[in-house]
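Chain residues, written in single-letter form:
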Amino acid sequence: MPGSTRPNPEPVRRIAQSLDELEILWLTAGLGCDGDTIAMTGASLPSIEDILLGAIPGIPKVTLHNPVLASEVGDDFVRYFHLAAAGKISNFMLVVEGSIPNEKNKSEGYWAAFGVDAISGQPISTCEWIDRLAPRAWAVIAAGTCATYGGIHAIEGNPTGCMGLADYLGWDYRSKAGLPIVNVPGCPVHPDNFTETLLYILRFAAGHAPEIPLDDRLRPSWLFGATVHEGCDRGGYYEQGDFTDVYGSHKCIVKLGCWGPVVNCNVGKRGWMGGIGGCPNVGGICIGCTMPGFPDKFMPFMDQPPGSLLSSNAVMTYGRTIHALRRFTQGSLNKTPEWRRRQVEDHQADVDEPQ
Ligand code: SF4
Ligand code: SF4
């Protein structure tokens, strides 16, 4: 407040030191399909190229080490991870893709590994890499639902005992910058959700943004605060109780199994690539792929969600009545006003009158 004698209030959010450079070490060696890396190449708001080529002002210079996109192969590629683990890369962000197996649930072998130990000649497990890198990382992002919450690999009965990164490192983990793990779920991760989150953290790194706001599942709150349903193109049909039970219809597909009303995801609003697509918008039911309970709590996928039966039936009664009333009003609005018709009739009479 201008002129106030009160001391400045405590800042609500810390601003990190200003970084000029940041390396991104992207570990794709969790249990996964590399789909999050592939998805990220489709981002446009911003694109990964813009981030890496310095086209965006106010962020550190970024170097990406991702095995799918790197020009180096073999030991030349793994070298950066060894350097970071040895403390020889001062500021790096660790991105983890794929779920984290439980390497302690068996007597021999390993579930997932990356690179080879120079002395023992044995593969280095993914868990070992995370143990080495996470304590030194300036920030950590879990990309995709496998890395955030376990995803498909963590389905009940799987032998690997796999889990999300926060379950592995602990939900109270803090990086060198004091940040929690940042979870960007999605199967795969939404391209722009990932790069937008990355950009936010990079602006934080440069001292130009406050600490990233996260919800209690560590998701960026501005991206995952609303449901699919709240942004879905078909929401108007739902509200009028206009449901379809066939594929290819433009109406609401809740009866085909859409979980959108209870799923935190912005894809209905955002579309998929370049604003186009997005599961229910193009006729695909939402199967809840961004959610910690995915997939177990959403199966079988093609059945109507049990919780939605009650709400859909209620909406059907209310919505159809409202729809009928609207059609009545719409019929009236589709007619020109009475006074305008009289003017037309007067005009016609003038035209018809013999001169
Ligand atoms: S298709 Fe799914 S998300 Fe869209 S309005 Fe229907 S129930 Fe909601
Ligand atoms: S709309 Fe549903 S299925 Fe599609 S990305 Fe979002 S959570 Fe996943």
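Residues numbered from 1 in each chain as written. Chains lettered and ligands numbered in written order. Predicted model: local features only at pLDDT ≥ 70, side-chain atom pairs only at ≥ 80, totals over all residues. Heavy atoms only, no water.

Draft legend 1. Examining empty space enclosed by the protein more closely. Per the counting criterion, the structure on display carries one cavity of 30 Å³ or more. Approximately 90 Å³ is the volume attributed to the largest cavity. Among the residues making up the lining of the largest cavity, the classes are represented as nine nonpolar, three polar and one charged. (1 Å grid on protein atoms, 1.4 Å probe; cavity = no way out; pocket = protein on both sides within 12 Å on 5 of 7 lines; lining within 4 Å. Points joined across faces, edges and corners; volume = space filled by probe spheres on them. Nonpolar A, V, L, I, M, F, W, Y, C, P; charged D, E, K, R; others polar.)

Draft legend 2. Looking closely at the environment of Leu198. Take Leu198: it is sitting in helix H7 (residues 191-205). Taking C-alpha positions, Leu198 is 8.4 Å from Ile141, a pair spaced 57 residues apart along the chain. (Helix = DSSP H or I, 4+ residues; strand = E, 2+ residues; numbered from the N terminus.)

Draft legend 3. Summary view of the site of ligand 2. Lining the immediate surroundings of ligand 2 are Val228, Val263, Cys265, Val267, Cys279, Cys286, Ile287, Gly288, Cys289 and Thr290. The class makeup of the residues in the shell around ligand 2 is eight nonpolar, two polar and no charged. (Near = heavy atom within 4 Å.)

Draft legend 4. Quick look at the pattern of salt bridges. With the rule as written, the count across this model stands at seven salt bridges. The partner of Glu128 in a salt bridge is Arg132, with the nearest N and O atoms 3.1 Å apart. Remark: Arg132 and Glu128 occur in helix H4 (residues 126-133); sequence separation between them is four residues, near one turn of the helix. Residue class for Glu128 comes out partly exposed when judged on its relative accessible area of 32%. Among the ionic pairs, Arg341 bridges to Glu338, the shortest N-O distance being 3.5 Å. Residue Arg341 and its partner Glu338 are both found in helix H12 (residues 338-352); the two are separated by three residues, about one turn of the helix. Judged by relative accessible area, Arg341 falls into the partly exposed class, the value being 36%. On the basis of relative accessibility, which here comes to 47%, the residue Glu338 falls in the partly exposed class. (Salt bridge = Lys/Arg side-chain N within 4 Å of Asp/Glu carboxyl O. Buried < 20%, exposed > 50% of the residue type's maximum accessible area, 1.4 Å probe, protein only.)

Draft legend 5. Inspection of the packing of aromatic side chains at higher detail. Under the definition given, this model contains 12 aromatic pairs. Here Phe81 and Phe114 contribute two aromatic rings whose centre-to-centre distance is 4.9 Å and whose plane-to-plane angle is 80 degrees, an arrangement assigned as edge-to-face. On the criterion of sequence distance, the pair formed by Phe81 in helix H3 (residues 74-85) and Phe114 in strand E4 (residues 113-116) is long-range, its members being 33 residues apart. Of the two residues, Phe81 and Phe114, neither departs from the other in class, the shared state being buried. Here Phe114 and Trp129 contribute two aromatic rings whose centre-to-centre distance is 5.6 Å and whose plane-to-plane angle is 55 degrees, an arrangement assigned as tilted. Highlighted residues: Phe114 in strand E4 and Trp129 in helix H4, separated in sequence by 15 residues. An aromatic cluster is present here, built from Phe77, Phe81, Phe114 and Trp129 joined pairwise through their rings. (Phe/Tyr/Trp six-rings, centres within 6.5 Å; stacked < 30°, edge-to-face > 60°.)

Everything listed here is a matter of geometry and, on its own, says nothing about what the molecule does.
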